[in-house]
Amino acid sequence: MLVRALLFIVILSPLGCASLKALGAKEFASAPGSTGPLATLETTLQGSLAKNQSGFKLLEVNEEALRWRLALIDSARHTLDVMTFLWWGDESGDLLLKRIIDAADRGVKVRLIVDDMTTIDDGKELRLRDLSNAAVDAHPNIELRVFNPFSNREAVGRAVEYLGDFTRLNQRMHNKAVIADNRAAIVGGRNLGNEYFGLSPAFNFRDVDVLGVGPAARQVSGVFDRYWNSQWVVSQKHIEGSGTKETFAREHAVLLQKLAAATTLERFPVPVQDWSAALGALELFPGTSTVVTDTPEEDSLTHHMPNTIRALFADADEEILVTNAYVIPDELVFKRTADEVKRGVRFAM
């Protein structure tokens with residue numbers, strides 16, 4: 001079965017003017033790691049793929065989405081890039097951060113991009129897990145950058161600043177991706193938190209991700225690099241500075257204590273796992289992919305999504321299947337949908 005996958009990373013609205021501290025020399029992802037489980041996986045997969053094809057797995061089940069994120073993180077041997085909008089201070093968020101730190105401890109170079117909406121450092125746990133941004137950035141193998149940061153680091157000050165600089169601060173980064181060794185990547189709709197992985201006792205969301213192995217991972221990596229080197233993504237060192245070894249050790253100990261007592265994670269062991277058997281049994285469907293993302297410019301955002309979606313609709317012969325958390329159609333969408341239905345295309349949302 002040949003699968004043609006179109007991977008979407010969406011930013012919702014254009015960027016306004018901002019005075020954000022420019023970064024230094026640009027940095028780009030390393031070449032795919034030559035050793036490790038993910039290198040073995042891609043090398044084995046290449047024997048059954050045509051040129052430029054990748055292997056894909058649709059991650060529809062919430063707990064499986066967490067499991068495969070852990071698999072990529074644990075299997076990384078060279079590099080690990082993670083970008084997300086929300087990263088909650090709950091059990092699954094803590095577990096993911098713990099395993100990312102484990103990867104950094106074994107020498108993996110880790111780059112993190114987080115949106116600044118949930119990194120409030122006022123003791124309310126609305127920050128990058130139970131480790132502060134500064135503590136995370138203090139690890140010698142982890143570099144943290146923040147998308148479109150507030151000048152104020154506390155909740156009340158942010159509220160005032162938000163009202164005074166609404167055009168800029170209303171622009172948030174909704175990208176979600178995990179890229180390991182530039183060999184495998186997960187991209188899709190899930191933020192990092194219990195309700196996105198089926199672990200919340202109160203409510204859970206229904207999202208979809210795609211795991212891609214091969215060239216698709218390099219495409220996602222290219223998106224990460226564009227944001228990493230954008231002026232809208234600012235180094236933690238430029239915002240508050242990095243922490244010390246002592247702050248990292250203290251906060252890391254608290255994180256481990258919380259995970260040891262977490263009953264929600266009974267199906268997810270806290271220690272790093274060996275995923276060799278799971279990777280060896282992984283069924284991937286061959287196909288080609290295109291990653292579509294809005295491009296961050298110096299003072300604006302170039303939108304590619306509307307034209308891409310319109311082209312997909314126009315190319316449909318039999319059916320259009322849409323999975324999306326937010327569908328807010330306007331008159332043009334209703335007209336376009338009606339035109340497609342008239343020529344026999346079936347819609348399902």
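Presented here is an overview of the structure given in this document.

About the cut-offs
Residues numbered from 1 in each chain as written. Predicted model: local features only at pLDDT ≥ 70, side-chain atom pairs only at ≥ 80, totals over all residues. Heavy atoms only, no water. Helix = DSSP H or I, 4+ residues; strand = E, 2+ residues; numbered from the N terminus. Buried < 20%, exposed > 50% of the residue type's maximum accessible area, 1.4 Å probe, protein only. Areas by Shrake-Rupley, 256 points an atom, 1.4 Å probe, with all protein chains shown as cover. Core = buried A, V, L, I, M, F, W, Y, C linked by side-chain atoms within 4.5 Å. Contact = heavy atoms within 4.5 Å. Arc of directions from axis to C-beta. Phe/Tyr/Trp six-rings, centres within 6.5 Å; stacked < 30°, edge-to-face > 60°. Pairing = 2+ DSSP bridges. Axes fitted to C-alpha atoms, helices over the stretch in contact; angles between N-to-C directions. Parallel < 35°, antiparallel > 145°, perpendicular 65-115°, else oblique. Left-handed = near helix turned anticlockwise from the far one by under 90°. Nonpolar A, V, L, I, M, F, W, Y, C, P; charged D, E, K, R; others polar.

Observations concerning the overall build of the protein chain
Now for step 1: When you go through the protein chain residue by residue, the secondary structure sums to 12 helices and 15 strands.
Now for step 2: Counting all 349 residues of the protein chain, 50% fall into the buried class.
Now for step 3: Surface accessibility of the protein chain: about 16300 Å² in total, with carbon and sulfur atoms responsible for 56%.

A few points about unusual backbone geometry
Now for step 1: Within the chain, Asn 52 stands out as a residue other than glycine whose phi angle is a positive 70°.
Now for step 2: On the secondary structure map, Asn 52 appears in the loop between helix H1 (37-46) and strand S2 (54-59).
Now for step 3: You will see that Asn 182, though not glycine, has its phi angle at about 55°, which is positive.
Now for step 4: Structurally, Asn 182 can be placed in the loop between strand S6 (177-180) and strand S7 (184-188).

Overview of the nonpolar core
Now for step 1: Of all hydrophobic cores here, the largest spans 52 residues; its most connected members are Trp 68, Leu 80, Ile 100, Val 110, Leu 112, Leu 131 and Leu 211.
Now for step 2: Ignoring sequence-local partners within four residues, the contact set of Val 110 consists of Leu 80, Ile 100, Ala 104, Asn 141, Ile 142 and Glu 143.
Now for step 3: Membership of the second largest hydrophobic core comes to 17 residues, among which are Ile 179, Ala 185, Ala 217 and Val 223.

Points about H1
Now for step 1: Residues of H1 that are buried include every one of Leu 38, Ala 39, Leu 41, Glu 42 and Leu 45, and no others. Taken around the axis of H1, the buried residues stretch over an arc of 160°, which confines them to a single face.

Things to note about the packing of aromatic side chains
Two descriptors summarise a pair of aromatic rings, namely the distance from one centre to the other and the angle between the planes of the rings.
Now for step 1: In this structure the tally under the stated criterion is 7 aromatic pairs.
Now for step 2: Here Tyr 162 and Phe 166 contribute two aromatic rings whose centre-to-centre distance is 5.3 Å and whose plane-to-plane angle is 85°, an arrangement assigned as edge-to-face.
Now for step 3: In this structure Phe 166 comes out as partly exposed when scored by relative accessible area, which is 43%.
Now for step 4: Ring centres of Phe 313 and Phe 347 lie 5.4 Å apart, and the angle between their planes is 75°; on these two criteria the pair is classed as edge-to-face. Within this pair, whereas Phe 313 is found in helix H11 (residues 305-315), its partner Phe 347 is found in strand S15 (residues 346-348), the two being separated by 34 residues in sequence.
Now for step 5: Using a relative accessible area of 14% as the deciding quantity, one classes Phe 313 as buried.
Now for step 6: Members of the aromatic cluster, connected to one another through ring pairs, are Phe 150, Tyr 162 and Phe 166.

Observations regarding the pairing of S7
Now for step 1: Taking burial as the measure, the 5 residues of S7 include 4 buried ones, the bulk of the element.
Now for step 2: The sheet contact formed by S6 and S7 spans 4 bridges and is antiparallel. Residue pairing across strands places Ala 177 opposite Val 187, the latter belonging to S7.
Now for step 3: Between S6 and S7, which follow one another and run antiparallel, lie 3 residues, and Asp 181 among them has a positive phi close to 55°.
Now for step 4: Judged from the 5 bridges that link them, S7 and strand S8 (residues 209-213) form a sheet pairing that is antiparallel. The residue of S8 that forms the bridge with Val 187 is Val 210.

Looking at the sheet that holds S2
Now for step 1: Across the sheet, which stays open at both edges, the 9 strands sit in the order S9-S5-S4-S3-S6-S7-S8-S2-S10 with mixed pairing between neighbours. This sheet does not close on itself; its edge strands, each paired only once, are strand S9 (233-235) and strand S10 (285-287). Sheet twist, expressed as the mean angle between neighbouring strand axes with direction ignored, is 20°.
Now for step 2: Inspection of the sheet shows S2 paired to S8 by 5 bridges, in the antiparallel sense. Bridge assignment links Leu 58 to a residue of S8, and that residue is Val 210.

A short note on the side chain of Asp 225
Now for step 1: With respect to the helices and strands, Asp 225 occurs in helix H7 (residues 215-228).
Now for step 2: Setting aside chain neighbours within four positions, we find Asp 225 in contact with Glu 27, Phe 28, Ala 29 and Arg 111.

Here's the deal with the packing of helix H2 (residues 62-75) against helix H3 (residues 91-105)
Now for step 1: At a closest axis distance of 9 Å, the pairing of H2 and H3 adopts a crossing angle of 15°. In terms of their interaxial angle, H2 and H3 are classed as roughly parallel. As for how H2 packs across H3, the hand of that crossing is right-handed. Every residue of H3 that contacts H2 at Leu 66, Arg 69, Leu 70, Ile 73 and Asp 74 is listed here: Ser 92, Leu 95, Leu 96, Arg 99, Ile 100 and Ala 103.
Now for step 2: Per-class residue counts for the contact of H2 with H3 are 7 nonpolar, 1 polar and 3 charged.

This is a description of form; function is not addressed.
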